[in-house]
Amino acid sequence: MDLAYTEAEEEFRARLRAWLAAVLPSLPAKPAPDDWPGRRAYDTAWQRMLYDAGYAGLHWPVDAGGRGATPTQHLIFLEETEKAGAPYVGANFVGLLHAGPTIVAEGTAGQRARWLPPVLRGDEIWCQGFSEPDAGSDLASLRTRAVRDGDHYVVSGSKIWTSHAEVADWCELLVRTDPAAPRHRGITWLAMAMDTPGVTVRPLRTLAGSTEFAEVFLDEVRVPVSHRVGAENDGWRVTMVTLSFERGTAFVGEVVACRRTLEALAAGARANGRWDDPVLRRRLGRLNAEFRALWRLTQWNVGEAQAASGAGRGARGSATGVPGTGGSVFKLRYSHARQELYETAAEVLGADSADLDREWVLDRLSSLSYTIAAGTSQIQRNIVAERILGLPKGR
């Protein structure tokens, strides 16, 4: 693992910092958390600014509309935008971090040309239709059915925890196309337009009061066969590509955010006298070491991806950039470290930790979902045990 940055990478960092310093003061105020039309407009406007400046899809291959930057340059981008307090991807999350990279790696030339440019420009929003009421961590038990009818699949079933369904134009959708096949082999990955007849969205309100998730009901929805990514019944393999991106790179910027929060907590503890508590100081120090280690793990994963992209290329001659299983190690440890960070914040803030108007309190509530989102911690432990350590599967 090479932790040093090259001269060209430092020049890239300097240009990015200068651009951020120039544009961030011009941004309007963030919309209210429950104003989803406003949040979509805010997030897509920022994405368009990134696109116009040449920073959208920075690490995507050039033939997919990106800049073909190295994984290290992408890491620098995530680090600097977070340090500068730039907007997060927000409603663009699924398209930019899950569906888009999956289509880069697995889509046809026509699919890449149709779906990737609108994602990069911020013109279209995607949601994720994977989980079902009886298929969460055990995703392979999904029951939403797709029956082939000529040039279409007729889809019926329901999804839950569908991220950003309220404002989405497209959905990355998992369906069962062969109920007689072993459950991992009868699944197909589809791109479904959310305005298709038969799609009903019912928002779900979270503990923090937000509605970024929804139930989605599908009543004989017709999805063109041309919207299938990968082969029929090969959707589980394609899904593993999607989840590799979700676990491997989607949380990188948040590590930087947690380090900033930790610094603010230490400053707050010094200001309100809680710094005198040696137990709290040790806890803050251990968390500092934890997030520094997570950042080094991120660099290691990025270095591994960069070495792999140089050694091997995808079927179209460009690096697919699919993260390895190291993403599960990162996701597992990060989820628990984030929860502990906000538990510590409650100690530092004291009575103020019950004030729902404080951003940290909302972050604390949302942190509770991190050991479930993108695959539960139990699932990540199985992946680490079986695919990295080579241990036998449990019975």
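Residues numbered from 1 in each chain as written. Predicted model: local features only at pLDDT ≥ 70, side-chain atom pairs only at ≥ 80, totals over all residues. Heavy atoms only, no water.

This brings us to the confidence of the model for the protein chain. Per-chain confidence: the protein chain averages 83 in pLDDT, with 78% of residues scoring 70 or above. Considering only residues more than four positions removed or in separate chains, one finds that residues 311-323, a stretch of pLDDT under 50, has 27 contacts. (pLDDT = per-residue confidence, 0-100. Contact = heavy atoms within 4.5 Å.)

Counted according to the given criterion, the structure contains zero disulfides. Here Cys 171 stays unpaired: no disulfide links it, and the sulfur of Cys 127, its closest cysteine neighbor, is 3.8 Å away. (Disulfide = S-S within 2.5 Å.)

Before going further, it helps to examine the nonpolar core. Trp 19, Trp 46, Tyr 55, Phe 77, Trp 126 and Trp 189 are the most contacted members of the largest nonpolar core, which totals 46 residues. Put simply, the parts of the chain that give this core at least two residues each are α1 (7-23), α2 (36-53), α3 (71-83), α4 (93-106), α5 (109-121), β4 (170-176), β5 (187-193) and α6 (235-248). No other element matches the seven residues that α4 contributes to this core. Dropping the residues within four chain positions of it, Tyr 55 is found in contact with Phe 12, Arg 15, Leu 16, Trp 19, Leu 50, Arg 67 and Phe 77. In terms of nonpolar packing, the next biggest core, distinct from the first, is built from 23 residues, Trp 36, Ile 125, Cys 127 and Val 175 among them. (Core = buried A, V, L, I, M, F, W, Y, C linked by side-chain atoms within 4.5 Å. Buried < 20%, exposed > 50% of the residue type's maximum accessible area, 1.4 Å probe, protein only. Helix = DSSP H or I, 4+ residues; strand = E, 2+ residues; numbered from the N terminus.)

Here the focus is unusual backbone geometry. A positive phi angle is found at Glu 220, which is not glycine, with a value near 50 degrees. Summarising the element assignment, Glu 220 is placed in strand β7 (residues 213-224). Here Glu 220 falls in the exposed class, since its relative accessible area comes to 54%. Although it is not a glycine, Asn 233 adopts a positive phi angle of roughly 70 degrees. By the element assignment, Asn 233 lies in the loop between β8 (228-229) and α6. Taking relative accessible area as the criterion, Asn 233 reaches 23% and is therefore assigned partly exposed.

With that out of the way, let us pick up the packing of aromatic side chains. Here the structure, examined in full by the defined rule, presents nine aromatic pairs. Aromatic side chains Trp 19 and Trp 46 sit 5.7 Å apart centroid to centroid with 35 degrees between the ring planes, which places their arrangement in the tilted category. One end of the pair, Trp 19, is in helix α1; the other, Trp 46, is in helix α2, with 27 residues separating them in the sequence. Across the pair, exposure class does not vary: Trp 19 and Trp 46 are buried alike. Relative to Phe 77, the ring of Tyr 55 has its centre 6.1 Å away and its plane inclined at 25 degrees; by these criteria the two rings are stacked. Remark: Phe 77 occurs in helix α3 and Tyr 55 occurs in the loop between α2 and α3; sequence separation between them is 22 residues. For the pair Tyr 55 and Phe 77, one class covers both residues: buried. One aromatic cluster is present, formed by Phe 12, Trp 19, Trp 46, Tyr 55 and Phe 77 through successive ring pairs. (Phe/Tyr/Trp six-rings, centres within 6.5 Å; stacked < 30°, edge-to-face > 60°.)

Take α2 next. Across its 18 residues, α2 extends 26 Å between first and last C-alpha, which sits within 8% of the 26 Å expected from 1.5 Å per residue. Taking the backbone nitrogen of Gly 38 as reference, a side-chain oxygen 3.0 Å away marks Asp 35 as the first, capping residue of α2. (Expected span 1.5 Å × (residues − 1). Polar contact = N/O pair within 3.5 Å; in protein donor to acceptor, adjacent residues only side chain to side chain.)

Okay, α3 next. For α3, with 13 residues, the first-to-last C-alpha span of 18 Å sits near the 18 Å given by 1.5 Å per residue. Within α3, the full set of buried residues consists of Pro 71, Thr 72, Gln 73, His 74, Leu 75, Ile 76, Phe 77, Leu 78, Glu 79, Glu 80, Thr 81 and Glu 82. Looking one or two residues past α3, Gly 85 carries a phi angle of roughly 75 degrees, positive in sign.

Following both chains from N to C, one finds α4 and α5 inclined at 160 degrees, their axes separated by 10 Å at the closest point. On the basis of their axis angle, the class for α4 and α5 is roughly antiparallel. Along this stretch, α4 crosses α5, giving a crossing that reads as left-handed. Residues Gly 95, Leu 96, Gly 100, Ile 103 and Val 104 of α4 lie in contact with α5, whose contacting residues are Gln 111, Arg 112, Trp 115, Leu 116, Val 119 and Leu 120. Class assignment for the residues of the contact of α4 with α5 results in seven nonpolar, three polar and one charged. (Axes fitted to C-alpha atoms, helices over the stretch in contact; angles between N-to-C directions. Parallel < 35°, antiparallel > 145°, perpendicular 65-115°, else oblique. Left-handed = near helix turned anticlockwise from the far one by under 90°. Nonpolar A, V, L, I, M, F, W, Y, C, P; charged D, E, K, R; others polar.)

Below, the discussion takes up the environment of Pro 203. Locating Pro 203 in the fold gives a position in strand β6 (residues 199-204). Overall, the relative accessible area of 39% leaves Pro 203 in the partly exposed class. With eleven residues separating them along the chain, Pro 203 and Ala 214 place their C-alpha atoms 4.0 Å apart. Every residue in contact with Pro 203, bar those within four places of it in the chain, is listed here: Glu 166, Thr 211, Phe 213 and Ala 214.

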